[in-house]
Structures are given as C-alpha cells and as structure tokens.
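# Residue-level structural notes
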Amino acid sequence: MERMLTHGGDWAGYRAEYGGQPLDFSANVSPLGLPEGVRRAAADALEDAHRYPDPLCRALGEAIARAEGVSPDWVLCGNGAADLIWRAALARRPRRALVTAPAFAEYEAALELAGCGTERFLLRAEDGFALGEGFPEAVAPEMDLVFLCQPNNPTGRTVPRPLLERTLARCREADALLVVDECFLELLDRPEDFAMKGFLGQYPNLLILKAFTKLYAMAGLRLGYCLCADTALLGRMRGAGQPWAVSGPAQAAGIAALKETDYVEAVRALIRAERPRLAAELGRLGLRVIPGEANYLLFYSPVPLGEALRRRGVLIRDCSNYHGLGRGWYRTAVRGREDNGRLIAALTEVWKEGTP
C-alpha cells in the first residue's frame, strides 16, 4: 500500500517495512550532509545536557543578528520554521488569511488551529506555477495575514522582488501581516536578489521565516528563526509555545553553522551544477518538469511512481495531497551526481514498465 504522509522524509517508515535506509529524494536537505563543525558543536553541547537550555537563545540570537545584519531584538528562534509558523498564527489570531496553492501545508494547518478562514490563490500549471501579477490585489481589506514561500515549495519558483514589494505595501494598507518563508532562499544561486530583510525596518508588518534545516542538513536538530521589527509580535509568539523550544545542542549547532561559509558555497555549487542536469534527464524520460530554481524539482508523470520507486529503495515526494496539484505530481530533491543517476535509473525502469 502506498504511504501518504503530510510531508516527505519518512525514512523510519521505510526502514520499518524494508529494513535498511532508502535513498531519500523526498526531503530537500543538503546532499553534503551535516557539516563536521556543526556535528562537533552539537556533540560538545551534550556536556551541558543536564541543564535547561537558554529559553531566550541569547547567544544564538546574537549570532544570527550579526549574520543577518539586524537587531538582536528582531530575532526569535524556534523548533524549526514550522514551530514559528504555528506561533505566528496563534500570536496574530487572524480571522482571514491568504495563501497560495500549492504551498507548504503547515500554513493552512496553523491557520485552522487558530480558527482562521483561509482563501487560496491558485498557481496554475499552464503558467508554470508562477505567481501572477494579480496577487497583490488578492490581499483584500479584510485579510489579516498572508503567507508567501520564496522560493515556493513544492514548485521551486521564485517571486520577483518587485512583486513582493507590491504585496508588502498592499498588506500594510490592509493592516495584514506578510509572512515570507525564506527557508530555501539560501540555496538559490543569488539569494541576495530575493531577500526581503532590507525592508524590515520600513515594514513592521513583515515577518521572515528562515531555518537551518535545509542548507545545513540539520532537519533532525530542529532549528529555525524568524526576523521581524515588530518586537511586540515576537513577544506574543514567544509566549505562544513552550519556553524551551530549542535544545542546547541545537543552539550550539546553529552558532557553529553560521561559520560554515565554505560549506554553503559548496552546496550552492553542487545544486547549480546538478539541478539542470537532473531536470534534463527527467525531461528526456518524457516527464513534465517545472523550471524550479531551488534544490528540488516538481514534475508530472502519467505513470504512478511512488510505490514502485519505494520498492527499489528510492523515496520521492508524492504531491497529490497539495491543494492545487493532484495525482501524478511529484517532487524530487536535487542530490549529488551519483545519487541523481540512481534516481534516473530507477525512474527509467518504472517508466518502461508503466508505459503502454
């Protein structure tokens, strides 16, 4: 039976069923693995595991502020970006919110928990899932909160900064909080062309989500943060969850990760080289590939792929549970050349078996 979880990365389910570890393309984390400096920092922090971690993440918050060039008062750390999505919804308590479809499922899940009605702005396959110029006008006066993902998950498409600026201005007019999810931003070729942190001082209604998860392969350590000039909102978000959300090893790992500049460049170089190569191979198989710009690719296959690949030890993300997609849409991470070659070989087998 094909497994359908809300998110990818179900290596534990695979191991329970088949034993061993799969080749996991369903989770979009760095293919270079955890940086050694981060590993050492997390391990060394276990010496203080008998103590409660700093609930204010003071050292980590200051390190992030220096790296981002913002005030430490504008930084709030959490148990991954997903934790901060839920905190933002609970702290803001919006009545109406706007999200794109498809988009990361946790936006709507958090809004539903907060008792918020959600409207979806449909991204169309015929437009390559690009965000339309009409999006700012969709921010109606009754909107309290708007989520945007930059680049979008699962499509990998970026939003041009002028369009984001128009949306931000429109949100200020509507007194709406704009939450821009930049968790995959640092994996772009030129993240500085899209980053919105320069607008924080001018727009206190802007909240930026970031995470160590993807870029540094720290998914298991659970560490994210947000940036916002509205310190009152950050205070409410801090009170909207447990006080010790970020463990001591995670805090130490985050501080160490910010020093891994060579590692970051190596990850970007690998993705820059392998993404177009993988996209071309998928296209040669006859799959429709969306021209994403991140470390993953969305594609359509008329042949069912998920369970057949799983039996071959390969996991990809079945995207049929995304609003705005459906059966036949899949997402694959971009990994190293050898792993990508194994994916293409497995896909070729499945495709040949399923093609009339």
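Up top is the structure.
Our subject in this report is the structure included herewith. (Residues numbered from 1 in each chain as written. Predicted model: local features only at pLDDT ≥ 70, side-chain atom pairs only at ≥ 80, totals over all residues. Heavy atoms only, no water.)

### Re the overall build of the chain
The following threshold applies: Numbering goes from the N terminus for both helices and strands, where a helix is a DSSP run of H or I of at least four residues and a strand is a run of E of at least two. We take the radius of gyration over the C-alpha atoms and set the globule estimate at 2.2 Å times the residue count to the 0.38 power. A contact between two residues is defined here by any heavy atoms of the two lying within 4.5 Å. A 1.4 Å probe and the Shrake-Rupley method give the accessible areas. Residues count as covered only by the protein chains that appear here. For the charge count, each Lys or Arg is scored as positive and each Asp or Glu as negative, with His and the chain ends excluded. Here the site of a charge means atom NZ of a Lys, CZ of an Arg, CG of an Asp or CD of a Glu.
The helix and strand tally for the chain stands at 11 helices and 13 strands. Over its C-alpha atoms the chain spans a radius of gyration of 20 Å, differing by no more than 12% from the 21 Å that the globule rule assigns to 356 residues. Across its three principal directions, the C-alpha atoms of the chain cover 60 × 55 × 35 Å. For the chain, restricting intrachain contacts to residue pairs at least 6 apart in sequence, the fraction spanning at least 24 positions comes to 74%. Approximately 15300 Å² of the chain is accessible, and the part contributed by carbon and sulfur atoms is 51%. Looking at the chain, you have 43 positive and 45 negative side-chain charges, and the mean spots of the two groups are 1 Å apart.

### A word on the pairing of strand E6 (residues 177-181)
Rules: We call a residue buried when its accessible area falls under 20% of the maximum for its residue type, exposed when it is over 50%, and partly exposed in between, using a 1.4 Å probe and counting protein chains only. Strands pair, by our definition, only if DSSP identifies at least two bridges between them.
Among the five residues that make up E6, five are buried, leaving the element largely enclosed by the rest of the structure. Along E6, one buried face is formed by Leu 177, Val 179 and Asp 181 and the opposite face, lined by Leu 178 and Val 180, is buried too. Pairing analysis gives five bridges linking strand E5 (residues 145-149) to E6, with the strands arranged parallel. Within the sheet, the bridge partner assigned to Leu 145 lies in E6 and is Leu 177.

### What about the pattern of salt bridges?
Pairing is possible between side chains that carry opposite charge, provided their charged atoms lie close to one another. Formally: Definition used for salt bridges: Asp or Glu carboxyl oxygen within 4 Å of a side-chain nitrogen of Lys or Arg.
Here the structure, examined in full by the defined rule, presents 23 salt bridges. Taking the shortest distance from any N to any O, the salt bridge between Asp 54 and Arg 58 comes out at 3.1 Å. Where Arg 268 meets Glu 186, a salt bridge forms, and the shortest distance between an N and an O atom there is 2.9 Å. Here Arg 268, found in helix H9 (residues 261-284), pairs with Glu 186, found in the loop between E6 and strand E7 (206-211); they are 82 residues apart in sequence, far enough to count as distant. Salt bridges sharing partners connect three or more residues here, namely Glu 68, Glu 186, Lys 197, Lys 210, Glu 265 and Arg 268.

### Here's the deal with helix H7 (residues 231-238)
Note the threshold: Note that the arc is computed from the directions linking the helix axis to the C-beta atoms. Here a polar contact means two N or O atoms within 3.5 Å. Within protein one must be a hydrogen donor candidate and the other an acceptor candidate, and residues neighboring in sequence count only if both atoms are side-chain atoms.
Those residues of H7 lying buried are Leu 233, Leu 234 and Met 237. For H7, the buried positions fall inside an angular range of 100° around the axis, keeping them on one side. Check the buried side of H7 and you find it contacts strand E2 (75-78), helix H4 (81-92), E6, E7 and strand E8 (224-228). Residue Asp 230 occupies the N-cap position of H7, its side-chain oxygen lying 3.2 Å from the main-chain nitrogen of Ala 232.

### Things to note about the layout of surface pockets
It is a probe the size of a water molecule, rolled over the atoms, that shows where empty space is left. Condition: A cavity here means a set of 1 Å grid points, computed over protein atoms only, where a 1.4 Å probe fits but cannot escape. A pocket is an open set with protein on both sides within 12 Å along at least 5 of 7 lines, and lining residues have an atom within 4 Å of a point. Grid points are joined across faces, edges and corners, and a volume is the space filled by probe spheres set on the points.
The space that makes up the second largest pocket amounts to roughly 440 Å³. Considering the residues around the second largest pocket, the lining is formed by 23 residues, among which Glu 68, Glu 186, Lys 210, Tyr 216 and Leu 258 are closest to the centre. Breaking the lining of the second largest pocket down by element, the ones donating at least two residues are helix H3 (58-68), E7 and H9. Examining the composition of the lining of the second largest pocket, we find that four residues originate from one element, H9, more than from any other.

### Quick word on empty space enclosed by the protein
Cut-off, in case you're wondering: Here the term charged refers only to Asp, Glu, Lys and Arg, the term nonpolar to Ala, Val, Leu, Ile, Met, Phe, Trp, Tyr, Cys and Pro, and the term polar to all other amino acids, Gly among them.
On inspection of all chains with the given rule, the structure shows two cavities of 30 Å³ or more. Reported here for the second largest cavity is a volume of approximately 60 Å³. A class-by-class count of the residues in the lining of the second largest cavity yields six nonpolar, four polar and one charged.

Remember that the coordinates give geometry; whether it matters functionally is a separate question.
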